[in-house]
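So the chains spell out like this:
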Amino acid sequence: MDLYSLAKPLFFAFSPETAHGLSIKLLKAGLVPSSHEKDDDALRVKLWGLEFPNPVGLAAGFDKNAEVADAMLAQGFGFVETGTVTPRPQPGNEKPRIFRLEEDQAVINRLGFNNRGLEAYAIRLARRRELDKRGIVGANIGANKDSEDPIQDYVTGLDRLLGLADYFTVNISSPNTPGLRKLQGRAALDELLSRLLETREAATSRFRIMPPLLVKIAPDLDENEKRDIAEIIVKHNIDGLIVSNTTVGLRDTLQSSQREESGGLSGQPLFDFSTGVLADMYRLTEGKVPLVGVGGISNGRQAYEKIRAGASLVQLYSALVYHGPGLVRSIKKELRDCLYEDGYSEISQAVGAAHK
Ligand SMILES: Cc1cc2nc3c(=O)[nH]c(=O)nc-3n(C[C@H](O)[C@H](O)[C@H](O)COP(=O)(O)O)c2cc1C
């Protein structure tokens, strides 16, 4: 029995948000035992000039303020995405705003980008750099709820954080900031990406390498929207796509009494739906754009299924609520077994295998 099985009843006695706050405090205090196991060489992924020790990452939203990236890397994640951070601090929506749907192994959240703002976040990432901390940490950037110029908010975020994170994610897919998902539309996305690439270009003289820029999309897209996104991503030579954020749909598939809470649904029920969108984006970009598969992963087989559908890397969040950080180790073990069973010696050989 692992430590989390013992602690879980205590965590579940608190509201989800209080329990999450407690996890952050324990991680910050160094009270969560780390995993010292070295990753199997078969799990290594080389992408964007970065070497991922394994392809299993922590999805955005767990460490919104970049406080526990190293503590989560020490749990065995191959990379950690911090944020979403907005230029100015903001409180987010009224509480309660996170719901555990235990029967469905799911979560609904309508947090609305609660975070302490870009300055505090940048200082924390800069401190990591000063201490020469190893491990891949991404920065997920967003716009303030009351912003008059949301595109400028992304530019501000990228400009401030260049040099402080290993990759950047442009989050235009949270359902909890009104109007944000409109940036996925053809013209808006075109403008947003042009501005961000100009910002990155202008900064390349300051840094030796150009950090990869990824776009995180919603699963709630029709065929035309998916095609438009694929076209714009390819046109701008964007480094990668993260598929997907939470869904505003799928409520009729749920058992829990909290199924009608508004917000984004994540966890088990999102798995098939988000994997379908991942496969669509792989097809629409002809396998040429690296994809990160997220949504409902709770075991190694599911991580492998995302990889076969086209993901070069995967991420998870909700399953941690139900299984604790020990899950990372078992996912990696199962994933390695899946690779070997199919006769592969590395992850890259399995990427997109379901399309062949
Ligand atoms: C409580 C909570 C907060 C989240 N906050 C963010 C966020 O700030 N930015 C973001 O891009 N995604 C956020 N997400 C979405 C996750 O990163 C992920 O895309 C989604 O939950 C699907 O993965 P999962 O089923 O493994 O949780 C959040 C998810 C949850 C459950």
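Residues numbered from 1 in each chain as written. Predicted model: local features only at pLDDT ≥ 70, side-chain atom pairs only at ≥ 80, totals over all residues. Heavy atoms only, no water.

The UniProt record marks K64, N109, R110, L111, G112, F113, N171, N176, N245 and T246 with the feature "binding site: substrate" (unreviewed entry), using the residue numbering of this structure. With respect to the secondary-structure elements, L111 resides in the loop between β6 (106–109) and α4 (118–130). Beyond its immediate stretch of four places on either side in the chain, L111 contacts E17, K64, G92, N93, R97, I98 and N176. Position of F113 relative to the elements: it lies in the loop between β6 and α4. Look at F113 and you get buried, because its relative accessible area is 4%. In contact with F113, not counting residues within four places along its chain, are K64, T84, T86, Q90, G142, A143, N171, S174, T177 and L180. (UniProt positions renumbered as here; feature names shortened; annotations may be inferred. Helix = DSSP H or I, 4+ residues; strand = E, 2+ residues; numbered from the N terminus. Contact = heavy atoms within 4.5 Å. Buried < 20%, exposed > 50% of the residue type's maximum accessible area, 1.4 Å probe, protein only.)

Right, let's talk about the sheet that holds strand β11 (residues 264–267) for a bit. Taken together, the 3 strands give an open sheet; going across it, the order is β5-β6-β11, and neighbouring strands pair in antiparallel fashion. Here the strands that pair on one side only, and so sit at the sheet edges, are β5 (98–101) and β11. The average angle at which neighbouring strand axes cross in this sheet is 20 degrees, direction not considered. Pairing analysis gives 4 bridges linking β6 to β11, with the strands arranged antiparallel. From the neighbouring strand, N109 faces β11, where its bridge partner is G264. (Pairing = 2+ DSSP bridges. Axes fitted to C-alpha atoms, helices over the stretch in contact; angles between N-to-C directions.)

Moving on, we come to the site of the ligand. Neighbouring residues of the ligand: 24 residues in total, closest A60, T84, G267, G296 and S318. A distance of 2.8 Å separates an oxygen atom of the ligand from a polar atom in the side chain of K64. In the model, an oxygen atom of the ligand is placed 3.0 Å from a nitrogen or oxygen of the S244 main chain. Protein contacts shield 98% of the accessible area of the ligand, which totals 610 Å² for the unbound molecule. Put simply, the parts of the chain that give the shell around the ligand at least two residues each are β4 (79–85), β6 and β11. (Near = heavy atom within 4 Å. Polar contact = N/O pair within 3.5 Å; in protein donor to acceptor, adjacent residues only side chain to side chain. Areas by Shrake-Rupley, 256 points an atom, 1.4 Å probe, with all protein chains shown as cover.)

For the rest of this paragraph, the subject is the pattern of salt bridges. According to the stated counting rule, one finds 29 salt bridges in the structure shown. One salt bridge connects D40 with R336, and the closest N-O pair in it is separated by 3.6 Å. Of the two residues, D40 sits in the loop between α2 (16–28) and β1 (45–47) while R336 sits in helix α11 (residues 327–341), which places them 296 residues apart along the sequence. The class for R336 is partly exposed, based on a relative accessible area of 23%. Note that E51 is salt-bridged to K46, the shortest N-O span being 3.9 Å. (Salt bridge = Lys/Arg side-chain N within 4 Å of Asp/Glu carboxyl O.)

Further remarks concern the sheet that holds strand β9 (residues 213–217). Strand order in the closed barrel formed by 8 strands is β3-β4-β7-β8-β9-β10-β12-β13, and the pairing between neighbours is parallel. Recorded for the sheet is a direction-independent mean angle of 25 degrees between the axes of neighbouring strands. Bridge count for strand β3 (residues 56–58) against β4 is 2 bridges, and the pairing is parallel. Directly across from G57, in β4, lies its bridge partner F79. Contacts from helix α6 (residues 186–203) reach β8 (167–171) and β9 within the one sheet, and its direction differs from that of β9 by about 155 degrees. Sitting on the sheet, helix α9 (residues 300–309) touches β12 (291–294) and β13 (311–316), and the angle it makes with β13 is about 145 degrees.

Our focus in this paragraph is helix α5 (residues 150–161). For α5, which comprises 12 residues, the first-to-last C-alpha distance of 17 Å matches the rise-based estimate of 16 Å (1.5 Å per residue) to within 8%. Three or more residues of α5 are buried, namely I151, D153, Y154, V155, G157, L158 and L161. For α5, the elements touching its buried residues are β4, α4, β7 (136–141), β8, α6 and β9. Among the residues trailing α5, G163 stands out with phi positive, at a value near 95 degrees. (Expected span 1.5 Å × (residues − 1).)

So, about the nonpolar core. In this structure, M72, F77, L125, Y154, L161, V215 and L241 are the most contacted members of the largest nonpolar core, which totals 94 residues. Those residues in contact with L161 that lie beyond four places of it in its chain are V85, L118, Y121, A122, L125, A139, I141 and F168. Judged by nonpolar contacts, the second largest core, of 8 residues, contains Y4, F12, I98 and Y322. (Core = buried A, V, L, I, M, F, W, Y, C linked by side-chain atoms within 4.5 Å.)

Turning our eyes to something else, we now look at the side chain of T246. Relative to the helices and strands, T246 resides in the loop between β10 (240–243) and β11. T246 has contacts with N109, P175, R181, P219, D220, G264, L265, S266 and L270, leaving out every residue within four places of it along the chain.

A separate point is the packing of helix α8 (residues 271–284) against α9. Interaxial distance between α8 and α9 falls to 8 Å at its minimum, and their mutual angle equals 25 degrees. Accordingly, the angle class assigned to the pair α8 and α9 is roughly parallel. Across the interface between the two elements, F271, S274, T275, L278, A279 and Y282 of α8 pack against Q302, E305, K306 and A309 of α9. Of the residues assigned to the contact of α8 with α9, the class counts are 5 nonpolar, 3 polar and 2 charged. (Parallel < 35°, antiparallel > 145°, perpendicular 65-115°, else oblique. Nonpolar A, V, L, I, M, F, W, Y, C, P; charged D, E, K, R; others polar.)

By the alternation rule, side chains of β5 split into I98 and R100 and F99 and L101, which are all buried. In this structure, β5 lies alongside β6, joined through 4 bridges in antiparallel fashion. The partner of R100 across the bridge, within β6, is V107. Hairpin connection of β5 to β6: 4 residues between the antiparallel strands, including Q105 at a positive phi of 50 degrees.

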